[in-house]
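Listed below, chain by chain, are the residues.
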Amino acid sequence: MPCKEDDMSIWSDVKCPVCKSPGAKQLLWMVKCPHNGCDKYDPDLALEARSRVTASAHSVPLTGSFNPGLNAITIRYRNAAGIDKTYTGDKTTVKAANAHITICLVPTGKRCSFSRERIMNLAEITPYIPPADKLSSVDRQILGYHQSKGTTSPRHEAVKQKLGKPA
Ligand SMILES: [Zn+2]
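For clarity, every value in this text was computed on a predicted model and none was experimentally measured. Along each chain, residues carry numbers from 1 onward, in the same order as the chain's sequence is written. Restriction of local features to residues with pLDDT of at least 70 applies here, the model being predicted, together with a cutoff of 80 or more for giving and counting side-chain atom pairs; totals for whole chains, interfaces and linings are based on all residues.

(A) Main features of the overall build of the protein chain. Strands are runs of DSSP state E lasting at least two residues, helices are runs of H or I lasting at least four, and both sets are numbered from the N terminus onward. Within the protein chain, the secondary structure is distributed over 5 helices and 8 strands. Beginning at the N terminus, the succession of helices and strands in the protein chain can be written as α-β-β-β-α-β-β-β-β-β-α-α-α. Here the contact rule is simple: place C-beta atoms from the backbone, and any two residues whose C-beta atoms are within 7 Å are in contact. Taking as baseline every contact in the protein chain between residues at least 6 positions apart, the subset at least 24 positions apart corresponds to 32%.

Rendered as structure tokens:
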């Protein structure tokens, strides 16, 4: 069975000469077109073009040397399609942003964003959220206000408690 990638690499990327669709391939006089309905339509090419888009948009690249060692943490995530996936990240890189949690993932070290409500083991992740990320924008305003004035208030004390500071 011939290797498909090697096979395709000798084909040039062209606009289909028949229907003008982008994404067609040409080798000498032969043309493969991804556009269904074209004279030169090639189902394999159409499938390959689709799977390439899906792969780049939705999956984590599988190359890289990022290794968090003892800081490794597992995220069990159910995606929008209802499919459970497991990711490994570095727990020292956990950050919270509203409804999302971001973390640098193995093996690329790239920071990825996860919707909190889809993380199946959220309780195992939240302890690693830095205290400052737990503050709401109102909390931050209160903190900034009293910090600049050198004053305090019951709400200010409550915010400080969220940060883990003694009240
Ligand atoms: Zn065509």
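(B) Seen up close, the pairing of strand β5 (residues 84–90). As paired strands, strand β4 (residues 72–78) and β5 are joined by 7 bridges and run antiparallel to one another. When the bridges of β5 are listed, Ala72 appears paired with Asp90. Strand pairing is defined by DSSP finding a minimum of two bridges between the two strands. Between the end of β4 and the start of β5, which pair antiparallel, lie 5 residues, with Gly82 showing a positive phi angle near 85 degrees.

(C) Quick look at the sheet that holds strand β6 (residues 95–97). The sheet built from 3 strands is open, its strands ordered β6-β7-β8 with antiparallel pairing. Of all strands in the sheet, those with a lone pairing partner are β6 and β8 (111–115), marking the two edges. Going across the sheet, the axis of each strand differs from the next one's by a mean of 30 degrees, ignoring polarity. Interaxial angle, 0 to 180 degrees, is taken between N-to-C directions of lines fitted to C-alpha atoms, where a helix line uses only the stretch in contact.

(D) Structural detail: the nonpolar core. Among the nonpolar cores identified, the biggest contains 7 residues, and these are Ile75, Val94, Ile101, Ile103, Leu105, Phe114 and Ile125. Residue contacts for Ile103: discarding those within four places in its chain leaves Ile75, Gly89, Asp90, Thr93, Val94, Arg111 and Cys112. To define a nonpolar core, we join buried Ala, Val, Leu, Ile, Met, Phe, Trp, Tyr and Cys residues through C-beta atoms within 7 Å and take the resulting set. Put plainly, a residue is buried at 20 or more neighbouring C-beta atoms within 10 Å of its own, exposed at 12 or fewer, and partly exposed in between, counting only other residues' C-beta atoms, which are placed from the backbone.

(E) Spatial organisation of the sheet that holds strand β2 (residues 24–27). A sheet is described by the order of its strands in space; here 3 strands give the open sequence β1-β2-β3, paired in antiparallel fashion. Two strands close off the open sheet at either side, each with one partner strand: β1 (12–14) and β3 (30–32). Here the strands of the sheet are splayed against their neighbours by 35 degrees on average, with no regard to which way each runs. Looking at chain direction, β2 and β3 are connected through 3 bridges and run antiparallel. Residue Gln26 lies in a different strand from β3, and its bridge partner there is Val31.

(F) Representation of the environment of Lys20 in the model. Inspection of the secondary structure puts Lys20 in the loop between β1 and β2. Lys20 sits 15 residues away from His35 along the chain, and the two C-alpha atoms are 9.3 Å apart.

(G) Spatial organisation of the environment of Ala96. Here Ala96 shows up in strand β6. With 18 C-beta atoms counted inside 10 Å, the residue Ala96 sits in the partly exposed group. Separated by 18 residues in the primary sequence, Ala96 and Phe114 have C-alpha atoms spaced 9.6 Å apart. Not counting residues up to four positions away in its chain, the partners in contact with Ala96 are Ile101, Ile129, Asp133 and Lys134.

(H) Examining the pairing of β2 more closely. Relative to β2, β1 runs antiparallel, the two being bridged by 3 bridges. Across the sheet, residue Ser12 finds its bridge partner in β2, namely Gln26. Hairpin geometry of β2 and β3 is characterised by an intervening segment of 2 residues between the two adjacent antiparallel strands and by a positive phi of about 50 degrees at Leu28.

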